[in-house]
Structures are given as C-alpha cells and as structure tokens.
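Summary of structural features
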Amino acid sequence: MRQRVVKPAAGIMLAQHCQYHKPARLDSFKKLSNVDIEHFKSIVPAETVLATAAVGGTADAIELEGFNADWLNKYRGNSQLVLKPKTTKEVSEILKYCNEQRIAVVPQGGNTGLVGGSVPVHDEVVLSLRNMNRVRSYDEVSGVLVCDAGCVLEELDNYVAERGHIMPLDLGAKGSCHIGGNVATNAGGIRFLRYGSLHGSVLGLEVVLPDGTILDNLSTLRKDNTGYDLKQLFIGSEGTLGVITGVSVLTPRRPSAVNVAVLGVPSYENVQQAFKRARQRCGEILSAYEFWDSNCMRAVLHHQSLKSPLEAEYPFYVLVETSGSEKNHDDEKLTALLEELLEEGIVEDGALAQDDTQISRMWMMREGIPESLGKTGPTYKYDVSIPIPVLYDVVKDIAQRLEKVDLYKPGQSSGPVKLVCGYGHIGDSNLHLNVVAEKFEDRVTDVFEPYVYEWVASHRGSISAEHGVGLMKRDYLGYSKSPEMISYMKRIKDVFDPHHILNPYKVV
Ligand code: FAD
Ligand code: 2HG
Ligand code: ZN
C-alpha cells in the first residue's frame, strides 16, 4: 500500500510562495462575520465548522494552514473558514446560503492539485469534501462503484481490489486525492493508456449547484442516450460549475498478471521506437509506457531510498507495464520484446521485475519524481500534450533558453535554476516539463512564460494535458481554446453559477 503523498519541504518554500499573479479580490463578495458562522453552525454539525477568531470562531489560523496552501506551497489563500459537511443535503444548504449572501466558495478534495485550483485566492470559504467518504454501493457483476466524492482514491482501489476489480485510474497522489477531485480535474495518470479518460469511465455524478439544487445524475448505466450528457460538463470543470458529492464509476476486472520492466535508452528517438515496438509486440496487454530523463532519475535516486535496477546511467528511462490474465503468456511477450530491443540496440539495458516488491519499486521510481523534484527546490510545472515526435524538444529548448541568459548551468545543482527535466505519460503524448529553481522569481518565470504555451500552441498541443487550468493557466487559456470556445465556456459558467461564487478567479 502506498503512503499518503508527502508535500515538499514547506519550510523552505513558504516565504517564496507568492510569485504568481494574484487577481484582486472582488468587492462583490461578502466578507464573513460571526452571523454567518452562527448560520453555518445551525445547518451543519458544529464540529465540522472550522472558523478563526477573525470571523468569530475559535480555530487557530495554523489549523487552516493545510487548507490555505497548495501541495506545491506555491499558491496560498487566506480563508478564515473551512466547512466539512457530511451529507449532500448539508452541501446543498451551505451553497444555497453562500449563493444568497454572495459568499465565495472553493471546493476542496485532497488538495493535491498542481495548478492553484484547490486553494482560495483570497478569503473564500473552503468547502472540504473529506467527511463525505463512504462507499454507497458496489455491483460485483457490472463492476459499478457508487461512492461519496470525498473517498480517497487508494482506499477505493483497495476496496474494489478485494472484489477482483481495479479503479480505472491511478496516480502518484492516490494516497491523498479524492475521487471527486479526480473527476473535477479529469485526472489522467498512469492507467490512462489502458482504461482511457474519466469521460468514459464515469457513469454518473451527483452534483450540488451553487443555488443548492441537487442534480441527481448518479446513473449506473453504461448506455443512456436521453439527450445532453450533463455530467460531462462537470468532469474537468475544476469546481467552477458545481460541487460533486457522489460518483458512479465503472471498475474493470483487475488483471491477474502484471509485469514491469525498466529500460535504459540512449536517445529520445529510441524511446519512440521502443514504444512503437512495445505496442506491436504486446498489443492489448500493454498497460503503461512511461518515460523520464536522466535528471529526473538522479533526483529520484537521491531523494528516495531506491537503487536503480540498471547498472549504468542512461539519457532516458522507460517503464513498460503489461497487464493480462495469462502469466506465462505475458512473461513470454515482455521477455521477447526486451530481447528484441536489446539485440537491435534500441535500448541499452533492461531489467524485468521478478516479484511484486520489485514491481512496486520500479513504479516508485517513476511516481516518486514529483516529490523528489519538490525536495530539490521550488518547482515550476508544465503539463502539456504535444505530438510524440517533438515532445521532448521543448525540454531541450527551455534548458537552452535558460542557459543563454545565464540562469542555468546543466550539471550544476546550484544557481537560479537547478534542474530542467522531462518525464511523463509518453504513451498518451503527455509531457511533464519541470524546472526546479532556487526560488520562484520573475526573471526565471519570464524566460518560459508564455514561451512554453506559445511553443505548445504552435504544435497544436494542449497547455494542460491532465492537471487542469486552475489559477495558474487561467490567463493562458487562449493558447488552447479559441475565443468562440472561451465565450461559450463563460456562458456555461453563467448558466450554472450566475453569481460566480464557485471557485472564483479560476479557469475562465
Ligand atoms: P484538489 O486538489 O483538492 O482539487 C483540484 C480541483 O478540483 C480544484 O479546482 C477543486 O476546486 C476541485 N474539486 C476538488 N474536489 C471537488 C469536488 N468534490 N467537487 C467539485 N470540485 C472539486 N494529476 C493527474 O491528472 N495525473 C497524475 O499522474 C498526477 N499525479 C500527481 C502526482 C503527485 C505527487 C501530485 C501531488 C499530484 C498529481 N496529480 C496528477 C495532480 C492531482 O493529484 C490531481 O489533479 C487530482 O485529481 C486532484 O484531486 P484532489 O482530490 O487532490 O483535488
Ligand atoms: C505525474 O505524472 C504527475 O507524475 C505529476 O502528473 C507531474 O508534477 C508533475 O509535473
Ligand atoms: Zn502525470
């Protein structure tokens, strides 16, 4: 079982968090008073109301710290009130009141989001779903799970594993993130290659709208063509249209045979060739194809207690996973693939996991990258979709731009920029470009913002493959969406949230 995902060292970064454009507080939002706190205490259990003295409560500001600061310690709000309702009805009453009173609200799941979407910008009320964490039903025949939005992904995966099934998504933050947060961000992760997007796996949602209306669309049906599929609008809406309180999701049969190999690859060109070959040779049992570069590998080996399964260092590493039901058959296929790749020089070394412990160590190597980079220093993160042939070019390009202006010296772990690296779900054309700096500062940011977004747009990519827009990319949405599309997005926002109380300042 994986542990809750660890936040990078907060102490180092707290002083530096505010290096981002913070929009001004909108005067149209009410400032909370003790009258509001008393009202909330009358509609939800008092112990689920966490209010500071500034608004008539008794909580210490430090108790609200974990709700005000994001995982990266980059974005920080100043909320004086956290509400942790236990039922959908309570969520409905909270929102109805906030809507009437024009009180701004930020829905929060596990707070593992990476784009500043999950924390307040100013004094918005934090509506945490963490107390809504029950499985509502599970159908072992169809594999349909219906649960509260605040269930932790890993706990759900354990729950369905006991019944022979698997959650259709998995990510490094699984020990902390909620299924509601996953749906709200349309999270991708490491099982995307095999099971696809949540737009396909989520069968129904229960959503509370800002005016308190409960939209019960908690269908368990795979097929339903009765007009507009409203739930799709909430998948990836990042808490701006409604609060997701219940989720119905299709869980596939858990594969009984899983094999993992890590490969040492001499060039990015060869990473692509090996992918092509893996698809040819493994076909339907190929379940993940992840890559990372040598800078990531050094960081992960330094910060996690892991040893590389390969003898030497390589420019690139690939993790290949197969999942099937015939152990011997799958073993043969992966072994044959490895032999072929080695013989043809496409890869220079490869290690095949011999047991479950080795499998999980190999995965820790890949999934431990964000945490390891966070321990190295404050990290700028770009999560982009780019056609595979040019996917790694942007990493090289950014490194060169930083070198040119003397902000980065590759191989030296000090300086304004310590590390530029690339990794990600290459099988899904999804690159994570990370730049680890000494601190978040304008002279560094200006080198690659908006340059990265221009670069991505020029290749018809997406400025967010999986983490979403949040506050971070709000002003850059135009690089991936046309003015007409943005205008329709705004109109949809107006329909569901006419007073814009839900997650203000984010997305559109
Ligand atoms: P939060 O961070 O709390 O919120 C995220 C957004 O969703 C916010 O805008 C918030 O307002 C909204 N929201 C949350 N809950 C609700 C709700 N119930 N109703 C309405 N809106 C809501 N992401 C990937 O896609 N793939 C990865 O592989 C991946 N790996 C990660 C690895 C690490 C180590 C970390 C720290 C993050 C990773 N992420 C990844 C990003 C993050 O974990 C996902 O975006 C995740 O889905 C967020 O879930 P959460 O419960 O933490 O949501
Ligand atoms: C991953 O794939 C996550 O590990 C996080 O999406 C990526 O931190 C990042 O940039
Ligand atoms: Zn990712």
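Scoring rules and cut-offs
Residues numbered from 1 in each chain as written. Chains lettered and ligands numbered in written order. Predicted model: local features only at pLDDT ≥ 70, side-chain atom pairs only at ≥ 80, totals over all residues. Heavy atoms only, no water. UniProt positions renumbered as here; feature names shortened; annotations may be inferred. Buried < 20%, exposed > 50% of the residue type's maximum accessible area, 1.4 Å probe, protein only. Helix = DSSP H or I, 4+ residues; strand = E, 2+ residues; numbered from the N terminus. Pairing = 2+ DSSP bridges. Domains from an automatic or database assignment. Contact = heavy atoms within 4.5 Å. Buried area = accessible area lost by both parts, 1.4 Å probe. Salt bridge = Lys/Arg side-chain N within 4 Å of Asp/Glu carboxyl O. Polar contact = N/O pair within 3.5 Å; in protein donor to acceptor, adjacent residues only side chain to side chain. Nonpolar A, V, L, I, M, F, W, Y, C, P; charged D, E, K, R; others polar.

Looking at an unreviewed UniProt entry, one finds the chain named D-2-hydroxyglutarate dehydrogenase, mitochondrial, with Coemansia guatemalensis as its source organism. Check the Sequence similarities (unreviewed entry) section of the UniProt entry for the chain; it says "Belongs to the FAD-binding oxidoreductase/transferase type 4 family." For the record of the chain, the UniProt heading Cofactor (unreviewed entry) holds the text "FAD".

1. Quick notes on the pairing of strand β6 (residues 144-148)
For β6, the buried fraction is high: five of the five residues fall into the buried class. Bridge analysis of strand β5 (residues 135-139) against β6 gives four bridges, and the strand direction is antiparallel. The residue bridging serine 137 from the neighbouring strand is valine 146, located in β6. In this antiparallel pair of consecutive strands, β5 and β6, the connection spans four residues, and glycine 143 shows a positive phi of 80°. Here β6 runs beside strand β9 (residues 243-250); their pairing, made up of five bridges, is antiparallel.

2. A word on the domain arrangement of the chain
Domain boundaries assigned for the chain yield domain 1 (135-250), domain 2 (257-369) and domain 3 (377-467). Once you take the C-alpha centre of each, domain 1 and domain 3 turn out to be 31 Å apart. Facing the eight residues of domain 1 at the interface are five residues of domain 3. Here domain 1 meets domain 3 over a buried area of about 440 Å², counting both sides, of which 46% is carbon and sulfur. Among the residues of domain 1 in contact with domain 3, Thr185, Gly189 and Leu193 are the three that bury the most area, contributing 56% of the side total. Linking domain 1 with domain 3 are zero salt bridges, by the criterion used here. On the surface where domain 1 and domain 3 come into contact, there are one residue pair in polar contact (both at pLDDT 80 or more). The class makeup of the residues in the side of domain 1 that touches domain 3 is four nonpolar, four polar and no charged.

3. Focus: the pattern of salt bridges
Taken as a whole, this structure holds 29 salt bridges when the rule is applied. For the salt bridge of aspartate 170 with lysine 174, the shortest nitrogen-to-oxygen distance reads 3.4 Å. Since its relative accessible area comes to 4%, aspartate 170 is described here as buried. Given the relative accessible area of 5%, lysine 174 is considered buried. A network of salt bridges, in which partner residues are shared, links Asp157, Asp170, Lys174, Arg191 and Arg254.

4. Some details on the pairing of strand β15 (residues 417-425)
Along β15, eight of the nine residues are buried, which leaves the element largely enclosed by surrounding structure. Alignment of strand β11 (residues 286-293) against β15, held across two bridges, turns out to be antiparallel. Residue phenylalanine 291 lies in a different strand from β15, and its bridge partner there is glycine 424. Relative to strand β16 (residues 430-437), β15 runs antiparallel, the two being bridged by eight bridges. Its bridge partner being in β16, tyrosine 423 is matched across the sheet by histidine 432. Connecting the antiparallel pair β15 and β16 is a turn made up of four residues, with serine 429 showing a positive phi of about 60°.

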